[in-house]
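Survey of secondary and tertiary structure
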Amino acid sequence: MSDTTHDGALATSTPPSPDAGLSAAELAAKYGLSVSGARPGLGEYVRQLWGRRHFILAFSSAKLMAQYSQAKLGQIWQVATPLLNALVYYLIFGLILQAGRGMEKGVYIPFLVMGIFVFTFTQSSVMAGVRAISGNLGLVRALHFPRASLPISFSLQQLQQLLYSMIVIFAVAIAFGNYPGPSWLLVLPVLFLQFVFNTGLALVMARMGAKTPDLAQLMPFIMRTWMYASGVMFSITVMLKGKPHWIADALQWNPAAIYMDLIRFALIDKYGASNLPPHVWAFAVGWAVLVGVGGFVYFWKAEERYGRG
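In this report, the structure presented in the accompanying data block is examined.

What counts and what doesn't
Residues numbered from 1 in each chain as written. Predicted model: local features only at pLDDT ≥ 70, side-chain atom pairs only at ≥ 80, totals over all residues. Heavy atoms only, no water. Buried < 20%, exposed > 50% of the residue type's maximum accessible area, 1.4 Å probe, protein only. Helix = DSSP H or I, 4+ residues; strand = E, 2+ residues; numbered from the N terminus. Arc of directions from axis to C-beta. Contact = heavy atoms within 4.5 Å. Salt bridge = Lys/Arg side-chain N within 4 Å of Asp/Glu carboxyl O. Axes fitted to C-alpha atoms, helices over the stretch in contact; angles between N-to-C directions. Left-handed = near helix turned anticlockwise from the far one by under 90°. Nonpolar A, V, L, I, M, F, W, Y, C, P; charged D, E, K, R; others polar. 1 Å grid on protein atoms, 1.4 Å probe; cavity = no way out; pocket = protein on both sides within 12 Å on 5 of 7 lines; lining within 4 Å. Points joined across faces, edges and corners; volume = space filled by probe spheres on them. Patch = residues over 30% accessible without salt bridge, like charges linked within 9 Å, V, L, I, M, F, W, Y side chains within 5 Å. Areas by Shrake-Rupley, 256 points an atom, 1.4 Å probe, with all protein chains shown as cover. Lys, Arg positive; Asp, Glu negative; His and termini not counted. Charge placed at Lys NZ, Arg CZ, Asp CG, Glu CD.

Taken together, the buried positions of helix 2 (residues 42-51) are Tyr45, Gln48 and Leu49. Projected onto a plane normal to the axis of helix 2, the buried residues spread over an arc of 100° and lie on a single side. Opposite the buried face of helix 2, at more than 90 degrees from it, the exposed residues are Arg47 and Trp50. Next to the buried residues of helix 2 lie helix 3 (53-67), helix 7 (149-175) and helix 13 (280-300).

This is the structure we're talking about:
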């Protein structure tokens, strides 16, 4: 459009923009724009994770191989470390403090070894989860991917390490007269449930550790307390005999104790059902679902904040 000014010059006027008066949100919707780094919906987030499954598996395997790459004995330390821990605990708790009272020596040694290996699975998953985001900020800030891939891959790494260690657990069980039978198949669902529980807990700790990096310094003390309260080195029912029942029940129903006792029940012939709390399988499934699903949702809710600030 044009118009003539008072001195005869020709002036032009700009037509109004078709986007005039639209808010930022309306403009974004009109042109198909989305917020960079915005949290996707829960279903979409799960689909993105499934699309990164090869990365998660490869990342966990690479971390496992690199863990002891500088040591001369290499991957042998995956098995040697918990075995040495079991030896130390046996000398202190088994021989000096007699923590294995109420159990034969042929039962207590496999009991202790299985407790150390199985609890280490949870302990390592939690400790790796705390540093999953804060310890990989370069990767988080450089690439766009579902952040849950990191704690999940670290939990998967610890599962792979435990599967290597199961060879030693089976060998110890057989050495003390416990031979393979149908009950040994129970190890598979127990380890699956524990893996789901560990992954959920790692996701919770990853979000907390991303916000408070100092949590990594506190966690060893918390995990050590949890270990002593879970009956790794002693039978909870025997050691708390004569104490209020609610104390023993609370310790037996904690998830670490449940998964350890189910492995012991599966592999040790003389460790019968009387050593397990009531409804043990319901608690094992319940802990896995509650912490696994709850931890995943808790981590997802802060997806857009990881690596910022």
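After that view, the rundown keeps rolling.
This brings us to the pattern of salt bridges. In total, this model carries three salt bridges according to the counting rule given. Between Arg47 and Glu44 there is a salt bridge; the shortest N-O distance is 3.2 Å. Taken together, the residues Arg47 and Glu44, both in helix 2 and three residues apart, mark about one turn of the helix. Of the charged contacts, one joins Lys270 and Glu104 as a salt bridge, the two residues approaching to 3.1 Å between their closest N and O atoms. You can see Lys270 sitting in the loop between helix 12 (255-267) and helix 13 and its partner Glu104 sitting in the loop between helix 4 (77-96) and helix 5 (105-130), a full 166 residues away along the chain. Using a relative accessible area of 57% as the deciding quantity, one classes Lys270 as exposed. Judged by its relative accessible area of 47%, Glu104 falls in the partly exposed class.

Quick look at the packing of helix 8 (residues 187-211) against helix 9 (residues 215-229) now. Two numbers describe how helix 8 lies on helix 9: the axes approach to 11 Å, and their chain directions differ by 145°. With respect to the hand of their crossing, helix 8 and helix 9 are arranged in right-handed fashion. Counted together, Phe197, Leu201, Met205, Met208 and Gly209 of helix 8 and Leu215, Met219 and Trp226 of helix 9 form the full contact between these two elements. When its residues are assigned to classes, the contact of helix 8 with helix 9 shows seven nonpolar, one polar and no charged.

With that settled, the discussion passes to the layout of surface pockets. Of the pockets and cavities examined, the largest pocket occupies roughly 350 Å³. Along the wall of the largest pocket there are 19 residues; nearest its centre are Thr81, Asn85, Thr120, Gln123 and Ser124. When residues of the lining of the largest pocket are traced back to their parent elements, those giving at least two are helix 4, helix 5, helix 7 and helix 9. Of the residues forming the lining of the largest pocket, the biggest block, six residues, is contributed by helix 5. In this structure, the second largest pocket is lined by 16 residues; those nearest its centre are Arg207, Ala210, Lys211, Arg305 and Tyr306. Of all elements in the fold, only helix 6 (137-142) and helix 8 reach the threshold of two or more residues within the lining of the second largest pocket. Residue contributions to the lining of the second largest pocket peak at four residues, all from helix 8. In the lining of the second largest pocket, the residues fall into eight nonpolar, three polar and five charged.

A cluster of like positive charges, contributed by Arg39, Lys211, Lys301 and Arg305, occupies part of the molecular surface. One can find Lys211 in helix 8. Here Lys211 falls in the exposed class, since its relative accessible area comes to 75%.

What follows is about empty space enclosed by the protein. Taken as a whole and judged by the stated rule, the model has two cavities of 30 Å³ or more. Reported here for the largest cavity is a volume of approximately 90 Å³. Contributing elements (two or more residues each) for the lining of the largest cavity: helix 4, helix 5 and helix 7. Of the residues belonging to the lining of the largest cavity, the class tally is four nonpolar, six polar and no charged. If you add up the space inside the second largest cavity, you get close to 70 Å³. Lining the second largest cavity are 13 residues, with Phe234, Ser235, Ile236, Asp261 and Tyr271 sitting closest to its centre. Elements that contribute at least two residues to the lining of the second largest cavity include exactly helix 10 (236-239) and helix 12. The element best represented in the lining of the second largest cavity is helix 12, accounting for three residues. In terms of residue class, the lining of the second largest cavity is built from five nonpolar, six polar and two charged.

So yeah, pure geometry; function would need other evidence.
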